[in-house]
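Next come the chains, spelled out residue by residue.
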There are 6 protein chains.
Amino acid sequence: MSKPYKRILITGAAGRLGTEMRRGLVPLADRLVLADRVACKNLQPHEEELIFDLSDEAATIAATEGCDAIVHLGGSPQESPWDDILNSSIRGSYHIYEGARKHGVKRVIYSSSVHAIGYHGINDGIDCDAKPRPDSLYGVSKCFVEGLASLYWDKFGIESACLRIFSSFPEPADRRMLWSWLSFDDCIRLVTASLTAPHLGFTITAGMSDNKVKPVNMSNSGHIGYQPQDSSEQFRAKVEAATDPVDPKDPSSHRIGGWFVNLGHPDD
Amino acid sequence: MSKPYKRILITGAAGRLGTEMRRGLVPLADRLVLADRVACKNLQPHEEELIFDLSDEAATIAATEGCDAIVHLGGSPQESPWDDILNSSIRGSYHIYEGARKHGVKRVIYSSSVHAIGYHGINDGIDCDAKPRPDSLYGVSKCFVEGLASLYWDKFGIESACLRIFSSFPEPADRRMLWSWLSFDDCIRLVTASLTAPHLGFTITAGMSDNKVKPVNMSNSGHIGYQPQDSSEQFRAKVEAATDPVDPKDPSSHRIGGWFVNLGHPDD
Amino acid sequence: MSKPYKRILITGAAGRLGTEMRRGLVPLADRLVLADRVACKNLQPHEEELIFDLSDEAATIAATEGCDAIVHLGGSPQESPWDDILNSSIRGSYHIYEGARKHGVKRVIYSSSVHAIGYHGINDGIDCDAKPRPDSLYGVSKCFVEGLASLYWDKFGIESACLRIFSSFPEPADRRMLWSWLSFDDCIRLVTASLTAPHLGFTITAGMSDNKVKPVNMSNSGHIGYQPQDSSEQFRAKVEAATDPVDPKDPSSHRIGGWFVNLGHPDD
Amino acid sequence: MSKPYKRILITGAAGRLGTEMRRGLVPLADRLVLADRVACKNLQPHEEELIFDLSDEAATIAATEGCDAIVHLGGSPQESPWDDILNSSIRGSYHIYEGARKHGVKRVIYSSSVHAIGYHGINDGIDCDAKPRPDSLYGVSKCFVEGLASLYWDKFGIESACLRIFSSFPEPADRRMLWSWLSFDDCIRLVTASLTAPHLGFTITAGMSDNKVKPVNMSNSGHIGYQPQDSSEQFRAKVEAATDPVDPKDPSSHRIGGWFVNLGHPDD
Amino acid sequence: MSKPYKRILITGAAGRLGTEMRRGLVPLADRLVLADRVACKNLQPHEEELIFDLSDEAATIAATEGCDAIVHLGGSPQESPWDDILNSSIRGSYHIYEGARKHGVKRVIYSSSVHAIGYHGINDGIDCDAKPRPDSLYGVSKCFVEGLASLYWDKFGIESACLRIFSSFPEPADRRMLWSWLSFDDCIRLVTASLTAPHLGFTITAGMSDNKVKPVNMSNSGHIGYQPQDSSEQFRAKVEAATDPVDPKDPSSHRIGGWFVNLGHPDD
Amino acid sequence: MSKPYKRILITGAAGRLGTEMRRGLVPLADRLVLADRVACKNLQPHEEELIFDLSDEAATIAATEGCDAIVHLGGSPQESPWDDILNSSIRGSYHIYEGARKHGVKRVIYSSSVHAIGYHGINDGIDCDAKPRPDSLYGVSKCFVEGLASLYWDKFGIESACLRIFSSFPEPADRRMLWSWLSFDDCIRLVTASLTAPHLGFTITAGMSDNKVKPVNMSNSGHIGYQPQDSSEQFRAKVEAATDPVDPKDPSSHRIGGWFVNLGHPDD
């Protein structure tokens with residue numbers, strides 16, 4: 001049976017999640033186009049590599065040519081000085097969507113972030129597509145791209161899933177990750193579901209594993225068909241042994257965004 | 001232990017779902033009364049057969065006598081000319097509810113349809129009891145009966161569950177059914193749950209199996225206790241091999257009702 | 001300045017509201033086509049008369065020809081035997097929508113009723129487009145036409161406003177009407193607003209004057225631009241002198257539909 | 001690894017749930033302080049006993065000293081004369097919260113009750129933190145403590161989980177408990193989750209096992225991380241054999257609170 | 001025309017609002033029964049006086065005999081030591097409702113308070129019947145009575161309006177009152193509307209004049225028919241000249257309850 | 001009486017709305033600082049002029065020094081090429097918020113736009129603070145600044161009102177403006193209310209006059225105290241005479257954003 005996509009462009013392909021996607025998206029596309037500012041390791045025969053900066057409009061748009069889907073993980077991976085956010089996340093994402101528009105790409109899967117909604121409270125019972133409430137410039141840039149994705153669906157018919165990734169790491173590294181953790185395999189499941197869902201239109205959802213604590217109501221994105229299969233529970237003892245308990249007087253313990261809410265301004 | 005019902009009337013008993021109900025409702029009633037326009041096959045000792053048209057008021061009302069529950073599957077099984085819809089679905093269902101009222105039937109389980117809400121979007125995150133948004137005359141007739149059921153509960157104390165059946169077939173036959181499929185066994189589970197739920201009053205819910213993609217939020221009908229146990233996933237490879245991918249430019253791919261939204265008027 | 005419509009068909013034109021519309025819609029159309037089972041009085045030069053029964057499919061469809069809007073007030077004006085409801089309200093309204101579809105009528109304004117939602121509680125704080133909860137067969141038929149109107153918008157592009165008329169009479173006749181009253185002038189304002197609103201699509205709203213007690217939240221239909229200017233307050237003393245206080249133990253005093261909830265079945 | 005709490009005060013420790021908590025909370029605290037009006041049986045080395053009445057302000061406040069959490073199960077365990085409710089549930093709970101405030105207790109887990117919301121309908125699809133709608137003086141006192149807990153979080157920073165316990169018994173004793181049952185082990189899981197959740201602030205949730213029928217939407221309290229593992233299903237046959245079916249004409253069969261809605265006033 | 005009530009009991013009749021009600025309720029009842037701990041001034045022929053403490057159960061219940069409505073303003077008028085709150089507000093209100101139950105009083109209008117919801121944010125867009133979030137023991141006692149009123153409606157059929165009075169004073173005394181002010185005349189209008197509304201059941205609403213700033217959405221209580229006619233605007237210049245601007249860093253400036261959120265515990 | 005502000009910075013002061021604000025904000029501040037890329041006309045003694053481009057970070061931040069509020073109207077005034085949007089609206093607004101943060105400005109009033117939510121339907125009954133659904137790059141930039149404003153409140157305590165201005169012109173120029181029009185005087189009222197509201201935190205609202213058609217529910221922003229006093233109604237006859245009716249088949253007639261939804265990409 002043929003694969004659902006011919007060529008998928010992965011931005012940020014040399015990064016933490018990008019590396020996982022190279023492994024995980026093999027069943028979905030004949031070829032993977034790997035884009036990053038730096039070289040990827042261990043290039044495979046079904047992979048092509050493109051090295052450029054997302055702030056380079058021409059290069060970015062050119063990279064999208066011939067692709068029928070984009071998994072857009074590139075841009076600043078954390079809170080960063082404004083110029084970085086502006087160039088790689090805001091301008092870079094605009095270039096990606098322009099590429100999609102100009103070259104007829106059908107779907108864009110975007111790694112938005114928990115930090116687009118980081119100031120919502122842990123006990124607010126928010127929906128996965130809750131209103132923006134960013135906790136950082138990084139989070140604001142995620143909101144910007146969510147807005148852009150909405151426009152490109154409504155006006156240009158390009159489908160997008162904006163995946164608000166919580167904490168995707170090899171294993172939970174602190175007590176917050178006991179609920180915010182997204183295993184790499186579940187991250188692949190989430191991107192796979194987004195690429196194969198019967199209809200995305202413009203969809204915002206959240207990315208967490210099947211952890212015991214679930215501060216987000218996922219019922220608005222059942223149409224994606226994401227079913228996490230991992231849980232942080234197996235790491236609980238280890239995490240609790242290695243880390244101090246959360247201080248309930250620390251405001252960051254009340255918010256979805258965690259310690260990001262305690263960050264100062266990145267340019268200070 | 002005695003069964004919860006003495007006699008259950010099944011309308012449309014010779015049809016696809018009716019045939020399954022004959023098998024599935026055995027544990028719930030001492031006797032099953034099978035009503036249809038045509039004869040049922042292989043009548044069993046605990047079954048009685050009644051052959052009449054639902055548009056026949058006297059016959060329909062007579063059929064309900066002595067029954068303590070009705071599983072009302074009869075009426076046009078798909079988009080049909082107005083006269084069919086009018087006579088078998090609208091008039092016929094009115095006769096059923098009148099029978100229930102006149103003969104003291106306690107519960108009516110009605111096979112409403114996804115087509116009562118077919119124009120809602122797949123990514124709208126709708127609830128199982130979402131407002132009417134029919135996609136066909138067939139769907140409008142389902143809305144009519146839902147209204148009737150509401151009235152007969154509020155005014156006459158007859159409990160109803162209106163089950164918006166999505167796609168109940170032996171197995172998924174197209175890509176849409178990968179999310180809309182309701183296995184026959186799950187259909188039996190849903191009807192069984194509706195017949196044994198502690199309190200129905202007037203309830204609307206949706207009928208799907210435990211498929212990966214779930215475009216409908218079922219949390220408003222937890223009081224029924226329906227727990228699907230089948231999934232379309234085992235049929236995915238077969239379906240995807242046998243059918244073309246959904247065309248995202250086809251409006252029907254965006255709507256819960258699927259290809260029904262592309263149907264013209266049945267009388268044209 | 002030209003009028004917004006060339007020809008408006010008014011059904012039920014000889015009835016209570018129809019008579020008011022003949023007066024009120026003059027500014028909106030060059031010609032008014034008056035349809036009813038009986039003759040209208042005092043025909044004016046800008047008026048044409050058509051006498052037929054809405055259950056007559058051919059006559060009804062023919063009546064819509066050449067009209068660019070329909071104000072559909074016809075059908076049973078109150079709880080009635082099923083056959084009347086079926087023929088004049090259900091079948092008749094279907095004929096109207098079929099006429100609109102076949103003859104390219106752009107807008108249908110339908111007099112739905114409070115009785116489509118009559119079992120909702122007076123203190124439930126419902127929205128004007130609340131879910132169906134009919135209190136009578138009459139109310140069920142209103143729900144049916146609301147479903148039909150929804151379909152004809154989604155599938156055929158015919159705009160509809162379904163106006164859930166509360167109590168439109170010359171003046172409030174009982175204590176319930178102190179809140180449910182819709183003056184004739186406000187009724188004309190509501191129909192006029194519906195005919196001239198920038199976009200209706202499929203809209204459900206409620207019809208009450210600017211009475212002190214307002215059990216329905218109208219904020220979902222601000223796009224119609226209806227601004228009532230009358231109030232029942234001037235009639236309060238008269239009504240209270242002429243009628244007994246509401247008995248709070250009477251269930252009908254708790255429900256939007258009032259005494260309709262106490263009606264038995266019309267065929268008994 | 002050290003336990004999360006040093007000393008947990010359990011009120012009502014000699015009662016049905018208190019006895020279970022003595023067993024279940026061992027992993028969470030070095031010491032358990034058992035408070036009740038009567039002596040507890042089989043005192044263990046890690047346990048301390050305090051015998052007093054919650055209406056005794058000084059004794060109650062003194063009991064909280066040195067504790068870092070309170071599991072407050074004490075007070076009238078069912079509908080009771082007003083004086084009992086007033087003294088043990090209202091005044092007693094106030095004394096508990098004052099103790100928590102004066103002695104710096106961080107978290108209070110309170111056994112609220114289904115009877116705080118007992119008049120909500122079984123098919124209303126309510127959320128676990130639905131608005132108060134008590135069915136008894138007992139239920140009103142639960143609402144009072146929920147209000148108190150809200151205040152002590154907002155003003156004094158003491159976290160609380162108010163657990164609306166449904167029916168926590170060894171096994172389901174009637175047909176209502178087929179959906180309202182909370183196994184003792186699940187009750188321990190719920191209290192444990194509440195004591196270890198990353199952030200409670202002020203949280204209201206409901207306590208039921210993973211029964212088939214689920215009349216309450218739990219999605220607003222995913223941040224607690226409660227995952228029930230028991231189900232009433234294994235007891236269904238036994239319960240149905242031993243008890244009469246629910247009478248659908250009995251109003252109590254429509255309400256979350258069950259037979260409490262049929263209770264008269266406890267002082268009559 | 002006869003007045004709607006024969007005898008209305010006013011508790012707290014010697015207080016600020018009670019004095020206004022003596023003036024305002026004359027059109028609604030043949031006789032006003034004035035209850036307070038202290039004597040009222042200037043007793044009129046249509047008035048009767050009863051001097052007792054609400055904590056006196058027998059006296060309170062006796063006072064309700066022969067009354068067909070109660071306007072219950074008594075109890076602690078502000079944050080007070082727990083014993084006062086307990087005796088006059090909690091126990092006293094229970095006595096009132098017991099009196100209503102024992103003597104067949106039809107309606108109770110209760111002066112709840114903004115402080116029952118004082119911790120909600122000014123820009124949260126809350127509804128007038130928002131969930132409890134009290135800012136004081138005073139506020140908790142208001143929540144208690146709201147729960148009691150809910151019970152006495154659902155179980156005993158006694159209608160109640162719980163009026164969350166914001167700031168009812170002769171004129172706005174500080175900048176917060178520019179939005180929270182309820183003029184005495186509007187307070188009379190609100191109580192009058194509550195006493196004459198066609199159906200109350202159990203209703204919670206808020207009491208403010210028609211001030212420019214309206215932090216509460218009143219649409220859920222349109223069934224009461226309250227139409228404020230005063231506004232704080234005429235006092236703005238005076239208030240702003242006499243008072244300092246709000247300090248935006250003061251948390252109390254963010255909350256509906258204002259300076260109550262800054263109060264410590266009344267017993268400290 | 002002193003004015004509430006000492007110095008208000010107005011960006012875009014030479015533009016259409018800026019010119020009106022120079023007139024309207026006189027009562028609110030001792031001095032107005034006028035910032036624009038071009039010179040303002042008729043400078044008044046209480047005014048200061050600063051000419052710079054918002055993309056000039058240093059100049060923009062410097063301009064905010066000594067101001068206690070900012071009315072930020074600058075940036076691209078309509079759909080524009082990406083580079084314009086990026087530099088003047090995105091980068092420029094970031095500079096403004098950085099200035100506010102560095103120089104302790106208390107409040108920022110931002111002219112967001114209907115085009116931040118332009119793809120919402122006219123009959124969707126949206127709230128004034130509905131989720132982003134931009135109809136243009138211009139709209140996306142408005143969403144970006146709304147996100148930024150949210151962050152600067154949550155993290156840095158700077159209050160913002162994001163005013164989604166609909167159509168602020170001397171008078172309605174087309175039929176859409178009959179509902180979207182915001183008179184200049186009402187625009188001043190809206191900005192004035194936002195500058196004097198008791199608490200803004202982070203607030204999003206919409207800016208329309210008191211037109212008959214109101215497609216947006218304003219109840220979530222009653223805390224601002226905006227009361228429009230103008231209406232498009234006086235211009236209706238003129239507008240209808242001068243313009244063609246809306247074509248209901250034009251998709252732009254269904255959307256809040258109007259003709260913006262029909263615009264192509266500005267760089268094409």
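Residues numbered from 1 in each chain as written. Chains lettered and ligands numbered in written order. Predicted model: local features only at pLDDT ≥ 70, side-chain atom pairs only at ≥ 80, totals over all residues. Heavy atoms only, no water.

> I'd like a description of the interface of chain A and chain B, backed by residues and values.
The interface is formed by 16 residues belonging to chain A together with 16 residues belonging to chain B. Across the interface of chain A and chain B, roughly 1300 Å² is buried in total on both sides, 60% from carbon and sulfur atoms. A per-class count over the side of chain A that touches chain B returns six nonpolar, nine polar and one charged. (Contact = heavy atoms within 4.5 Å. Buried area = accessible area lost by both parts, 1.4 Å probe. Nonpolar A, V, L, I, M, F, W, Y, C, P; charged D, E, K, R; others polar.)

> So what about the arrangement of the chains? Which residues, and what values?
Separated throughout, chain A and chain C approach each other most closely at a C-alpha pair spaced 18 Å apart. Considering only C-alpha positions, the minimal separation of the non-contacting chain C and chain D is 13 Å.

> Could you give an account of the interface of chain A and chain F, with specific residues and numbers?
With 32 residues of chain A at the contact, the number on the chain F side is 33 residues. Carbon and sulfur atoms make up 62% of the area that chain A and chain F hide from each other, which totals about 2900 Å². Linking chain A with chain F are six salt bridges. For R133(A), the salt bridge goes to D154(F), with nearest N and O atoms at 2.9 Å. Linking chain A with chain F are 23 residue pairs in polar contact (both at pLDDT 80 or more). At the level of elements, helix 3 (82-103) and helix 4 (137-156) of chain A are the ones that each hand at least two residues to the side of chain A that touches chain F. In terms of residue count, helix 4 of chain A provides more of the side of chain A that touches chain F than any other element does, 11 residues in total. (Salt bridge = Lys/Arg side-chain N within 4 Å of Asp/Glu carboxyl O. Polar contact = N/O pair within 3.5 Å; in protein donor to acceptor, adjacent residues only side chain to side chain. Helix = DSSP H or I, 4+ residues; strand = E, 2+ residues; numbered from the N terminus.)

> Describe the relation of the copies chain A and chain F, naming the residues involved and giving the relevant values.
Superposition of chain A onto chain F requires a rotation of 180° combined with a translation of 0.0 Å along the rotation axis, giving an RMSD of 0.0 Å. Look at the turn and shift together and you get a two-fold axis relating the two. Rotation axis and chain A: the residue whose C-alpha lies nearest the axis is F144(A), separated from it by 2.5 Å. (Least-squares fit on C-alpha atoms with pLDDT ≥ 70 in both.)

> Break down empty space enclosed by the protein for me, citing the residues and quoting the values.
Residues and elements named next belong to chain B. Counted under the stated rule, the structure contains seven cavities of 30 Å³ or more. By volume, the largest cavity is sized at about 50 Å³. Every residue lining the largest cavity is listed: L17, M21, V71, L73, I109, Y110, S111, L163, I165, C187 and V191. For the lining of the largest cavity, the secondary structure elements donating two or more residues are helix 1 (16-24), strand 5 (107-113), strand 7 (159-165) and helix 6 (184-196). It is strand 5 that provides the largest number of residues to the lining of the largest cavity, a total of three residues. (1 Å grid on protein atoms, 1.4 Å probe; cavity = no way out; pocket = protein on both sides within 12 Å on 5 of 7 lines; lining within 4 Å. Points joined across faces, edges and corners; volume = space filled by probe spheres on them.)

> With reference to specific residues and values, describe the pattern of salt bridges.
Summed over the entire model, instances satisfying the criterion amount to 114 salt bridges over all chains. Among the salt bridges present, the one from K238(C) reaches E171(C), with a minimum N-O distance of 2.5 Å. One end of the pair, K238(C), is in helix 7 (residues 236-242); the other, E171(C), is in the loop between strand 7 (159-165) and helix 5 (177-180), and 67 residues separate them in sequence. Given the relative accessible area of 28%, E171(C) is considered partly exposed. Residues E146(D) and R164(D) are paired through a salt bridge, measuring 2.9 Å at the closest nitrogen-oxygen approach. A residue pair is termed long-range when its members are at least 10 positions apart, and E146(D) in helix 4 (residues 137-156) and R164(D) in strand 7 (residues 159-165) qualify at 18 residues. (Buried < 20%, exposed > 50% of the residue type's maximum accessible area, 1.4 Å probe, protein only.)

> Describe the confidence of the model for chain A, and please don't skip the residues or the numbers.
Here chain A averages 97 in pLDDT, while 100% of its residues score no lower than 70. Listed scores for the predicted complex are pTM 0.97 and ipTM 0.97. (pLDDT = per-residue confidence, 0-100.)

> Talk me through the sheet that holds strand 2 (residues 29-36) of chain E; I want residue IDs and the actual numbers.
All names here are of chain E. Ordered by their spatial adjacency, seven strands build an open sheet running 3-2-1-4-5-7-8, and the pairing between neighbours is parallel. Each edge of the open sheet carries a strand with a single partner, namely strand 3 (47-51) and strand 8 (202-207). The sheet shows a mean angle of 20° between the axes of neighbouring strands, direction not considered. Pairing of strand 4 (residues 69-72) with strand 5 (residues 107-113) involves four bridges; the strand directions are parallel. Bridge pairing links H72 to Y110 in strand 5. (Pairing = 2+ DSSP bridges. Axes fitted to C-alpha atoms, helices over the stretch in contact; angles between N-to-C directions.)

> Mind laying out the relation of the copies chain A and chain B, listing which residues take part and the relevant values?
Both copies of the chain are related by a screw-like operation: a rotation about an axis and a shift along it. For these two chains of identical sequence, chain A goes onto chain B by a turn of 120° and a shift of 0.0 Å along the axis, with RMSD 0.0 Å. Viewed as a symmetry operation, the transformation between the two copies matches a three-fold axis. Relative to the rotation axis, the C-alpha of S219(A) is the closest in chain A, positioned 5.2 Å from it.

> Describe in detail the packing of aromatic side chains, supporting the description with residues and values.
This model, assessed by the stated rule, comprises 51 aromatic pairs over all chains. A centroid spacing of 6.5 Å and a plane angle of 70° characterise the contact between F166(B) and W179(B), whose relative ring orientation is edge-to-face. Remark: W179(B) occurs in helix 5 (residues 177-180) and F166(B) occurs in the loop between strand 7 and helix 5; sequence separation between them is 13 residues. For the residue pair F166(B) and W179(B), the accessibility class agrees, reading buried in each case. When the ring of Y97(D) is compared with that of Y152(D), the centres are 5.4 Å apart and the planes differ by 55°; the resulting orientation is tilted. (Phe/Tyr/Trp six-rings, centres within 6.5 Å; stacked < 30°, edge-to-face > 60°.)

> Can you lay out the sheet that holds strand 4 (residues 69-72) of chain D for me, pointing to particular residues and giving the numbers?
All names here are of chain D. Strand order across the open sheet formed by seven strands is 3-2-1-4-5-7-8, with parallel pairing between neighbours. One side of each edge strand has no neighbouring strand; the edge strands of this open sheet are strand 3 (47-51) and strand 8 (202-207). Sheet twist, expressed as the average angle between the axes of neighbouring strands with direction ignored, equals 20°. In this structure, strand 2 (residues 29-36) lies alongside strand 3, joined through five bridges in parallel fashion. Within the sheet, the bridge partner assigned to V33 lies in strand 3 and is E48.

> Got a sec to walk through a negative patch on the surface? Specific residues and values, please.
A cluster of acidic residues, D56(A), E57(A), D83(F), D84(F) and D267(F), forms a negative patch at the surface. Note that D83(F) resides in helix 3 (residues 82-103). (Patch = residues over 30% accessible without salt bridge, like charges linked within 9 Å, V, L, I, M, F, W, Y side chains within 5 Å. Areas by Shrake-Rupley, 256 points an atom, 1.4 Å probe, with all protein chains shown as cover. Lys, Arg positive; Asp, Glu negative; His and termini not counted. Charge placed at Lys NZ, Arg CZ, Asp CG, Glu CD.)

> Can you break down the pairing of strand 8 of chain D residue by residue, with the values?
Residues and elements named next belong to chain D. Burial within strand 8 is extensive, with five of its six residues counted as buried. Examined bridge by bridge, strand 7 and strand 8 share six bridges and lie parallel to one another. Counted as the bridge partner of A161 is T203 from strand 8.

> I'd love a proper account of helix 3 of chain F, names of residues and values included.
Residue and element names in this part refer to chain F. End to end, helix 3 covers 30 Å across 22 residues, agreeing with the expected 32 Å (1.5 Å per residue, within 8%). The axis of helix 3 is deflected most strongly, by about 30°, at G92. The element helix 3 is largely enclosed, with a buried count of 16 among its 22 residues. Directly beyond the C-terminal end of helix 3, a positive phi value near 70° is found at G104. (Expected span 1.5 Å × (residues − 1). Bend = angle between axes of the 7 residues up to and from the residue.)

> Please set out the packing of helix 2 (residues 57-64) of chain C against helix 3 (residues 82-103) of chain C residue by residue, giving values where relevant.
Residues and elements named next belong to chain C. Contact pair helix 2 / helix 3: the axes reach a minimum separation of 8 Å and the direction vectors enclose 45°. The pairing of helix 2 with helix 3 is recorded here as oblique in orientation. Every pair of crossing elements has a handedness; the one defined by helix 2 and helix 3 is right-handed. For the pair helix 2 and helix 3, the contacting residues are E57, T60, I61 and T64 in the first and G92, H95, I96, E98, G99, A100, K102 and H103 in the second. (Parallel < 35°, antiparallel > 145°, perpendicular 65-115°, else oblique. Left-handed = near helix turned anticlockwise from the far one by under 90°.)

> Kindly report on the environment of R31(F), identifying the contributing residues and their values.
All names here are of chain F. Tracing the backbone shows R31 in strand 2 (residues 29-36). C-alpha of R31 to C-alpha of K6: the two residues are 25 residues apart in sequence and 6.1 Å apart in space. Ignoring anything within four residues of it in the chain, the contact list for R31 reads K6, R7, I8, P45, H46, E47 and E48. At 2.7 Å, the side chain of R31 and the side chain of E48 are in polar contact.

> I'd love a proper account of the UniProt feature "domain: NAD-dependent epimerase/dehydratase" (unreviewed entry) in chain A, names of residues and values included.
Per the UniProt record, "domain: NAD-dependent epimerase/dehydratase" (unreviewed entry) is annotated on residues 8-169 of chain A. For residues 8-169 of chain A, the helix share is 36%, the strand share is 23%, and the end-to-end C-alpha distance is 23 Å. (UniProt positions renumbered as here; feature names shortened; annotations may be inferred.)

> Requested: an account of the side chain of S150(F), with residues and values cited.
Along the polypeptide, S150(F) turns up in helix 4 (residues 137-156). By relative accessible area, which is 3% here, S150(F) ends up buried. Not counting the four nearest positions on each side in its chain, S150(F) is found in contact with P132(A), R133(A), P134(A) and F202(F).

> Report on the environment of S252(B), specifying residues and quantitative values.
Residues and elements named next belong to chain B. Along the chain, S252 turns up in the segment after helix 7 (236-242). Taking the C-alpha atoms as reference, S252 lies 41 Å from C67; in sequence the two are 185 residues apart. Among all residues touching S252, those that are not within four sequence positions of it are G258, W259, V261 and N262.

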